[in-house]
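Residues per chain are reported as follows:
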Amino acid sequence: MLSVPTIGVLAIQGGVREHLLALDISGARGTLVKTLGELNGVDALIIPGGESSTMDKLARTFELMEPLREARASGMPMFGSCAGMIMLADRIVGAIEGQESVGGLDITVERNAFGGQTQSFETGIVIDGIRDPEHEFEGIFIRAPWVVAAGESTEVIAKISSGPHEGRIVGVRSDTLMATSFHPELTADPRVHELFVEMVRNS
Amino acid sequence: MSSEISTGTSRVKRGMAEMLKGGVIMDVVNVEQAKIAEDAGAVAVMALERVPADIRAEGGVSRMSDPDMIDAIRGAVSIPVMAKVRIGHFAEAQILESLGVDYIDESEVLSPADYANHIDKWKFTVPFVCGATNLGEALRRLTEGAAMIRSKGEAGTGDVSNAVTHMRKIRSEVLRLSSMAPDELFVAAKELQAPYDLVAEVARTGSLPTVLFTAGGIATPADAALMMQLGADGVFVGSGIFKSGNPAERANAVVQATMHYDNPDVVAKVSRGLGEAMVGINVADIPVHHRLEDRGW
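Since the structure is predicted, the reported quantities are computational estimates derived from the model, not experimental observations.

K.L.:
Explain the overall build of chain A to me, please; I cannot follow it from the model alone.
P.N.:
When helices and strands are counted, chain A shows 6 helices and 12 strands. Relative to a compact globule of 203 residues, whose C-alpha radius of gyration would be 17 Å, chain A shows 15 Å and is just as compact. Considering only C-alpha atoms, chain A reaches an extent of 45 × 40 × 30 Å along its principal axes. Expressed as a percentage of contacts within chain A between residues at least 6 apart in sequence, the contacts between residues at least 24 apart total 65%. Accessible surface, chain A as shown: approximately 7300 Å² in total, 47% of it carbon and sulfur. Each charge sign in chain A was given a centre, from 16 positive and 28 negative side chains, and these centres are 4 Å apart.

If you want it as C-alpha cells, here you go:
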C-alpha cells in the first residue's frame, strides 16, 4: 500500500470536513466520496458522525449501499465514528423501521444509548493501539451509541473508565474495520486517525 | 482532560450542530409528520404547534408548544428533536431543557418575550440555535452562548429572498474581516457591535466558529440547493413541506437536493412531479411591522 494513502470521507451528511482536516495531519490524503466513481478511487473510507438513519436512507436512494458493502467485503479498510459506527455494525438496537447498515463489524450497537443531547458529554478515554496509549484521549460523545456486544473476531480498544456508564464499550476494531462511539475528528489529537492510516498502510 | 464526565461543554454543543451539517431539519406539528420527516431522511425535527405559515395567518401571541405535544414527538422518532422558545423567555427554555429536547431555537417566529435581552444561553446544558441577519447579530448571539446560527429568512412565506440576503451578507462580512489589517479589527468590532475577541477569531479563521444553517422561506429542492451553494451548512424547512400538496415526496426531494446541491442533474430529477408547492407570500407584500427578521437585536 502507498505510504500516503487516499482515504475517502463518505459525504452524505454530517461531520465530513472535520475528518478531512484530521486526515491532513495524519499522513493521508483525504477526499470526498459522494458517488460510486469517487468510492472506486479511494484506498479506504471514513464514515463520519451524523444521523445514521439519514445516511442509510440516502446511501440506498443513490445506490451506494451495495457498492459500500462490496468494497468492505473485498477488504477496503473503513473507520466509522458515532453514526459511522452504527453504519459498520452488523446489528443495530433502536434502529428506525427498515434501517440497514453497511455492516462488517461483528457487533451489536445501540443508537443514542447514552441518552439525548443534554446527556452528551466529554471524558478522558484510554485507547489501545494508538501512539502514547497511556496518555488519555479526549472523548467527545454526542447522542452517542455504545457497543452492547462484540463478537470474538472484534477487538475492544476503548471503554468508558468512570461514572454511571463505566465499562461501556466505545471503541472496537477488526483486521480492516474500526469504529468509535466518540468523535476524534472534533479534537486536535490525530492519534486515532493515525492508527487508521496505519491499518490502511498494512492492508 | 480527566476521566470525569462533563456535559454541556461548548465542544459538545457545537459538535452536535456539526453533526447536522448537510442535512435538513423539518418543522413538524404532530407525530405523523415527525415520522414522515424521519422516513425521508431528515436529520432532526422542530416540534411546534403551528408552522410559521399558520402563525402568520392566525396572528395572536405565539408561544412555546405544549410539553405533551413535544413529548409525543420525542417518543415517536429517534432523530434529534428541537423546539422553539420566545426570544428572551428563559423560563420556556428551562421547561424545554427539563423535557430533554436536543436543541432549543430561540426564535423570532414566536412572539418575543423581551425586547431588550436574549436568553443567557451559557446557563443551559441544552444547546441553542439563534437567527441572524448579519455577522454582528450572529456574533452577539454566540457571545450569549448560542452554539449554532441560522439565517432569519421570512418564515411562513415560501419566499427565499431574505434568507439569500442574510446568507450573502454574513459571508461577505466574514470575507471582509479576513482581509483586514489587524489594527482595523478594533473599529470593525465597534461597527459590528460584537466583542473584539470573536471578531478577531473570525478574521483569523475566515469563518464563523459554529455552523451556519439557512432558514426561512425555503419551499423547493431548488431553494435548498441555492442556499447550500451560497454557503449554508444545512437547511431548516418550516412550512415548505407540510403546507405543500405532497409532503412525503417533497420531504424526500428536499433531503436529496441538499445532499447533491452541487449536482443539477440530481436536483432536476427530484424536482419533478412534486405537486403544488406551498402557497407563497412575497416578503415585499408584508407590512414592515409584521416582518419577522426585525425581531431580535
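Structure shown, so let's carry the discussion forward.
K.L.:
Please clarify how the nonpolar core should be interpreted in this entry.
P.N.:
Nonpolar side chains in soluble globular proteins generally cluster together in the buried interior. Counting 100 residues, the largest nonpolar core has Leu45 of chain A together with Met26, Leu96, Leu139, Leu177, Val199 and Met227 of chain B as its most contacted members. Of all the elements, helix α7 (residues 161-178) of chain B adds the most residues to this core, at 6 residues. Once you skip the residues sitting within four places of it in the chain, Leu96 of chain B turns out to touch Met64, Ile70, Ala83, Lys84, Val85, Val101 and Ile104 of chain B. In terms of nonpolar packing, the next biggest core, distinct from the first, is built from 31 residues, Ile7, Leu23, Phe141 and Ile157 of chain A among them.

K.L.:
Got a minute to help me understand the confidence of the model for chain B in this structure?
P.N.:
Note that predicted coordinates carrying low pLDDT should not be read in detail. In the predicted model, chain B carries a mean pLDDT of 94, and the fraction of residues at 70 or more is 99%. Across the interface, the model reports ipTM at 0.96; the global pTM reads 0.96.

K.L.:
So what exactly am I meant to see when it comes to the packing of α7 of chain B against helix α8 (residues 185-192) of chain B here?
P.N.:
Any two packed helices are characterised by the angle at which their axes cross and by the distance between the axes. Residues and elements named next belong to chain B. Between α7 and α8, the shortest axis-to-axis distance is 11 Å and the interhelical angle comes to 160°. Looking at the two axes, α7 sits roughly antiparallel to α8. Residue-level contacts link Glu173, Arg176 and Leu177 of α7 to Leu185, Ala188, Glu191 and Leu192 of α8. Considered class by class, the residues forming the contact of α7 with α8 number 4 nonpolar, no polar and 3 charged.

K.L.:
What am I meant to see in the environment of Glu108 of chain B here?
P.N.:
All names here are of chain B. The topology assignment puts Glu108 in the loop between β5 (103-107) and β6 (128-132). Given the relative accessible area of 2%, Glu108 is considered buried. Put simply, Glu108 and Gly88 are 20 residues apart on the chain and 10 Å apart in space, counted from C-alpha to C-alpha. Dropping the residues within four chain positions of it, Glu108 is found in contact with Ile87, Gly131, Arg150, Lys152, Leu292 and Arg295.

Each value, and the rule that gives it
Residues numbered from 1 in each chain as written. Chains lettered and ligands numbered in written order. Predicted model: local features only at pLDDT ≥ 70, side-chain atom pairs only at ≥ 80, totals over all residues. Heavy atoms only, no water. Helix = DSSP H or I, 4+ residues; strand = E, 2+ residues; numbered from the N terminus. Rg over C-alpha atoms; globule rule 2.2 N^0.38 Å. Contact = heavy atoms within 4.5 Å. Areas by Shrake-Rupley, 256 points an atom, 1.4 Å probe, with all protein chains shown as cover. Lys, Arg positive; Asp, Glu negative; His and termini not counted. Charge placed at Lys NZ, Arg CZ, Asp CG, Glu CD. Core = buried A, V, L, I, M, F, W, Y, C linked by side-chain atoms within 4.5 Å. Buried < 20%, exposed > 50% of the residue type's maximum accessible area, 1.4 Å probe, protein only. pLDDT = per-residue confidence, 0-100. Axes fitted to C-alpha atoms, helices over the stretch in contact; angles between N-to-C directions. Parallel < 35°, antiparallel > 145°, perpendicular 65-115°, else oblique. Nonpolar A, V, L, I, M, F, W, Y, C, P; charged D, E, K, R; others polar.

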